[in-house]
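Here's the letter readout for the chains.
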Amino acid sequence: MRLSSARLHITATLPRRSSSALVRQRATLRGVARPAAQYRFNSSLSVQKERVVFDGSLLQVREAPPHPKAQESRNSPLQQYYKLVESGVLRADDHQERIIGKLQRLHDDLLHYEPPHISHTPASNSLISRLFTRQLGAAPVTAPVNTPMGLYLYGDVGTGKTMLMDLFYNTLPPHIKRKRRVHFHAFMIDVHKRVHAMKAKLGARGGDPIEPVARDLAQEAYVLCFDEFQVTDIADAMILRQLFEKLLHLGVVSVITSNRHPDDLYKNGIQRQSFLPCIEILKERFEVTDLDSGTDYRRIPRTLSHVYYDPLTPENKAEFEKIFKAFTSHDNEPVTHNRKLHVWGREVLVPQSTRSVAKFGFLDLCGKPMSAADYIEITKNFGTIFVTDVPKMGLSQKDMARRFITFVDACYESKTKLFISSEVPIYQIFANDPSASSDEISDHMRSVMDDLGLPSDLVGASSMFTGDEELFAFARCCSRLVQMGSKEWAETAGVQ
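Residues numbered from 1 in each chain as written. Predicted model: local features only at pLDDT ≥ 70, side-chain atom pairs only at ≥ 80, totals over all residues. Heavy atoms only, no water.

(A) Highlighting the overall build of the chain. Broken down by element type, the chain carries 19 helices and 13 strands. Put simply, the chain has 496 residues, and 48% of those count as buried. Counting contacts in the chain only where the partners sit at least 6 residues apart, residues at least 24 apart contribute 78% of the total. (Helix = DSSP H or I, 4+ residues; strand = E, 2+ residues; numbered from the N terminus. Buried < 20%, exposed > 50% of the residue type's maximum accessible area, 1.4 Å probe, protein only. Contact = heavy atoms within 4.5 Å.)

Following this line, the structure appears as structure tokens:
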């Protein structure tokens with residue numbers, strides 16, 4: 001019972017007393033009530049209702065026993081945001097606060113959401129088993145009516161997508177154990193592995209591999225958080241259409257961040273018409289929110305940490321090696337040469353490593369065919385990575401440049417501590433000519449650098465990246481390198 005309603009109830013039910021006594025009672029009531037300031041970070045769900053007890057002579061205010069799940073909401077997205085603002089980690093921003101209000105809405109909905117039970121239906125290639133699976137094991141035709149609506153947050157580089165996802169995932173109610181946060185690229189690699197394995201189980205007679213894969217994913221997590229959702233591959237596009245539909249029907253709730261509005265996904269892609277139903281699902285079952293507010297949160301000044309070394313002088317090489325030895329000494333084990341990692345049945349060699357630190361030459365990392373799966377496996381095994389001898393790259397090294405961008409993305413998503421020695425300043429490794437004048441910079445490049453808050457003389461001119469997707473990947477890589485070179489990143493990254 002709220003304080004105001006308690007007063008009305010007391011006035012109506014207690015024996016009449018003098019007005020001065022009633023004033024004293026109200027003063028006592030106000031005296032024992034908690035100060036409002038203590039509720040500053042509380043959402044409406046986390047403030048407990050109060051009970052008023054009359055013992056004949058004194059009114060007392062006591063907190064009602066909190067509901068276990070209501071108590072969990074005391075750590076919520078909005079509360080955490082206010083704390084970060086008060087501590088100076090974040091700056092107050094009205095637009096960002098409104099976005100976090102949407103995360104708060106979903107957080108509150110999940111607080112009381114009970115996902116449907118998902119029965120296990122093992123794959124089999126027998127006719128009877130497949131008929132039984134179709135009758136009893138298929139996903140529901142429609143999503144459960146009480147399933148909270150998901151969130152689709154889209155915006156350009158520097159709009160705070162990763163921070164918002166961190167805020168939401170890290171404040172999920174503790175009773176939610178079946179949850180997963182994953183970079184979308186890594187998620188699709190996992191899905192393709194599962195589909196491949198399921199096809200092998202189904203055998204020559206075939207069957208739908210997406211249904212059991214979706215069921216397994218839903219059993220593992222009913223809250224899914226996808227970072228950097230993008231569709232550039234026809235194989236992904238064809239799987240996603242069915243997968244999203246089945247996950248939603250199984251009661252899975254998702255939060256998605258992307259650089260594109262759903263209508264712009266897989267634009268000009270092969271057989272895009274077949275992907276349109278997935279776009280409609282995103283628009284109907286998710287609250288689509290634009291994050292762009294005119295503020296680039298990565299442009300806020302940061303104290304730089306010394307993690308990038310250029311040029312490749314003997315002095316810099318010696319300093320770089322000294323830091324590597326300092327980091328490896330913490331593991332109290334000798335450096336292993338050519339450690340083998342296994343990725344999809346292949347071996348990836350790590351030139352030098354301990355259990356948490358690895359060192360690669362640039363050509364070892366980007367000079368041979370390597371995939372995103374390889375880089376994800378590397379960053380999963382090592383919290384700190386040293387990369388030596390990164391050259392300035394031109395059009396003839398475009399494949400290596402793409403691999404390096406993929407590697408940086410993997411390091412960023414896994415919060416890896418990264419040290420790099422390079423021929424030129426790290427932000428100019430893709431430039432045609434580090435001394436190029438601003439007149440030689442294309443409109444595309446100028447727009448990218450403006451978005452990043454990087455002056456033209458820092459990045460230089462480049463004609464290597466032309467398409468929209470390439471330009472965005474380049475912009476994101478530069479922006480992430482800036483962030484990963486900050487003191488804040490150096491102090492918090494590298495924890496496995």
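Having seen it, we continue.
(B) Geometry of the pairing of strand S5 (residues 223–227). Counting buried positions over the five residues of S5 gives five, a clear majority of the element. Across the two faces of S5 the burial is the same, with Val223, Cys225 and Asp227 and Leu224 and Phe226 all buried. Sheet topology note: the strand S4 (residues 179–183)/S5 ladder contains five bridges and is parallel. Bridge pairing in S5 links Lys179 to Val223. Relative to strand S6 (residues 253–258), S5 runs parallel, the two being bridged by four bridges. (Pairing = 2+ DSSP bridges.)

(C) Quick peek at the side chain of Lys417. Tracing the backbone through its elements, the reader meets Lys417 in strand S13 (residues 417–422). In this structure Lys417 comes out as buried when scored by relative accessible area, which is 15%. The contact partners of Lys417, leaving out residues within four places of it in the chain, are Phe327, Gly383, Thr384, Ile385, Trp489, Ala490, Ala493 and Gly494.

(D) Highlighting the packing of aromatic side chains. Counted according to the given criterion, the structure contains 21 aromatic pairs. Summarising the aromatic geometry, the rings of Phe229 and Phe244 are spaced 5.8 Å apart at their centres and angled 50° between planes, so their arrangement reads as tilted. In this pair, Phe229 sits in the loop between S5 and helix H10 (234–249) while Phe244 sits in helix H10, placing the two residues 15 residues apart along the sequence. Given the relative accessible area of 3%, Phe244 is considered buried. One Lys or Arg, Lys179, reaches over the ring of Tyr169 and ends 5.2 Å from the middle of that ring. (Phe/Tyr/Trp six-rings, centres within 6.5 Å; stacked < 30°, edge-to-face > 60°. Lys NZ or Arg CZ within 6 Å of the ring centre and 35° of its normal.)

(E) Spatial organisation of unusual backbone geometry. Cis geometry marks the peptide bond from Asp310 to Pro311, where omega comes out at -10°. When you line up the elements, Pro311 lands in the loop between strand S8 (308–309) and helix H12 (314–329). Residues other than glycine seldom take positive phi values, yet Glu228 does so here, at roughly 55°. In the Ramachandran plot, Asn338 falls in the positive-phi region, its phi being about 55° despite a non-glycine side chain. Along the chain, Asn338 falls in strand S9 (residues 336–343). On the accessibility criterion, Asn338 (46% relative accessible area) is partly exposed.

(F) Spotlight on the sheet that holds S4. Strand order in the open sheet made by the five strands is S4-S5-S6-S3-S7, with parallel pairing throughout. Taken across any chain shown, the strands that pair with only one partner, and hence form the sheet edges, are S4 and strand S7 (286–290). Strand-to-strand twist across the sheet, computed as the mean angle between neighbouring axes with direction ignored, equals 10°. (Axes fitted to C-alpha atoms, helices over the stretch in contact; angles between N-to-C directions.)

(G) Looking closely at helix H14 (residues 372–381). Extensive coverage of H14 is indicated by the burial of seven of its 10 residues. Restricting attention to buried positions, one finds in H14 the residues Ala372, Ala373, Asp374, Tyr375, Glu377, Ile378 and Thr379.

(H) Representation of the packing of H10 against helix H11 (residues 276–285) within the structure. Packing of H10 against H11 leaves a shortest axis separation of 8 Å and a crossing angle of 30°. One finds that H10 runs roughly parallel with respect to H11. As for how H10 packs across H11, the hand of that crossing is left-handed. Of the residues in H11, those touching H10 at Leu240, Arg241, Phe244, Glu245 and Leu248 are Pro277, Cys278, Ile281, Leu282 and Arg285. Grouping the constituent residues of the contact of H10 with H11 by class yields seven nonpolar, no polar and three charged. (Parallel < 35°, antiparallel > 145°, perpendicular 65-115°, else oblique. Left-handed = near helix turned anticlockwise from the far one by under 90°. Nonpolar A, V, L, I, M, F, W, Y, C, P; charged D, E, K, R; others polar.)

(I) Summary view of the side chain of Thr257. Its location among the elements puts Thr257 in strand S6. By relative accessible area, Thr257 is classed as buried at 1%. Only 3.1 Å separates the side chain of Thr257 from the backbone nitrogen of Glu228, close enough to count as a polar contact. Those residues in contact with Thr257 that sit more than four places away from it in its chain are Leu153, Lys161, Met165, Phe226, Asp227, Glu228 and Phe229. (Polar contact = N/O pair within 3.5 Å; in protein donor to acceptor, adjacent residues only side chain to side chain.)

(J) Structural detail: the state of the cysteines. Scanning all chains against the criterion turns up zero disulfides. Unpaired in terms of disulfides, Cys411 finds its nearest cysteine sulfur in Cys366, a separation of 9.8 Å. Not part of a disulfide, Cys478 finds its nearest cysteine sulfur in Cys477, a span of 5.7 Å. (Disulfide = S-S within 2.5 Å.)

(K) Up close: the environment of Leu395. Relative to the assigned elements, Leu395 resides in the loop between strand S12 (384–390) and helix H15 (398–413). On the basis of relative accessibility, which here comes to 53%, the residue Leu395 falls in the exposed class. Measuring from C-alpha to C-alpha, the distance between Leu395 and Phe430 comes to 8.9 Å, with 35 residues separating the pair along the chain.

(L) Fine view of the packing of helix H4 (residues 77–86) against helix H5 (residues 94–111). Close contact between H4 and H5 brings their axes to 8 Å; oriented N to C, the two are set at 145°. Here H4 contributes Pro77, Leu78, Tyr81 and Tyr82 to the contact with H5, which in turn contributes Gln96, Glu97, Ile100, Gly101, Leu103, Gln104 and His107. Broken down by class, the residue content of the contact of H4 with H5 amounts to six nonpolar, four polar and one charged.

(M) The sheet that holds S9, seen in detail. Ordered in space as S8-S13-S12-S11-S10-S9, the six strands form an open sheet in which the pairing is mixed. Two strands close off the open sheet at either side, each with one partner strand: S8 and S9. As paired elements, S8 and S13 share two bridges and run parallel to each other. In the strand pairing of S13, Tyr309 is matched with Ser421. Sitting on the sheet, H12 is in contact with S8, strand S10 (346–353), strand S11 (357–361), S12 and S13, with an inclination near 165° to S12. The strands touched by H15 within the sheet are S12 and S13, with S12 carrying the most contacts at an inclination of about 160°.

(N) Inspection of the pattern of salt bridges at higher detail. Tallying each qualifying case throughout the model produces 23 salt bridges. In this structure, Glu287 engages Lys102 in a salt bridge whose closest nitrogen and oxygen atoms are separated by 2.8 Å. Pair noted here: Glu287 is in strand S7 and Lys102 is in helix H5, with a separation of 185 residues, a long-range link. A salt bridge links Glu280 to Lys283, with the nearest nitrogen and oxygen atoms 3.5 Å apart. Of this pair, Glu280 and Lys283 both sit in helix H11, three residues apart, which is roughly one turn of the helix. Taking the relative accessible area as the measure of exposure, Lys283 reaches 33% and is therefore partly exposed. By sharing partners, the salt bridges in this structure join Lys102, Arg105, Asp109 and Glu287 into a single network. (Salt bridge = Lys/Arg side-chain N within 4 Å of Asp/Glu carboxyl O.)

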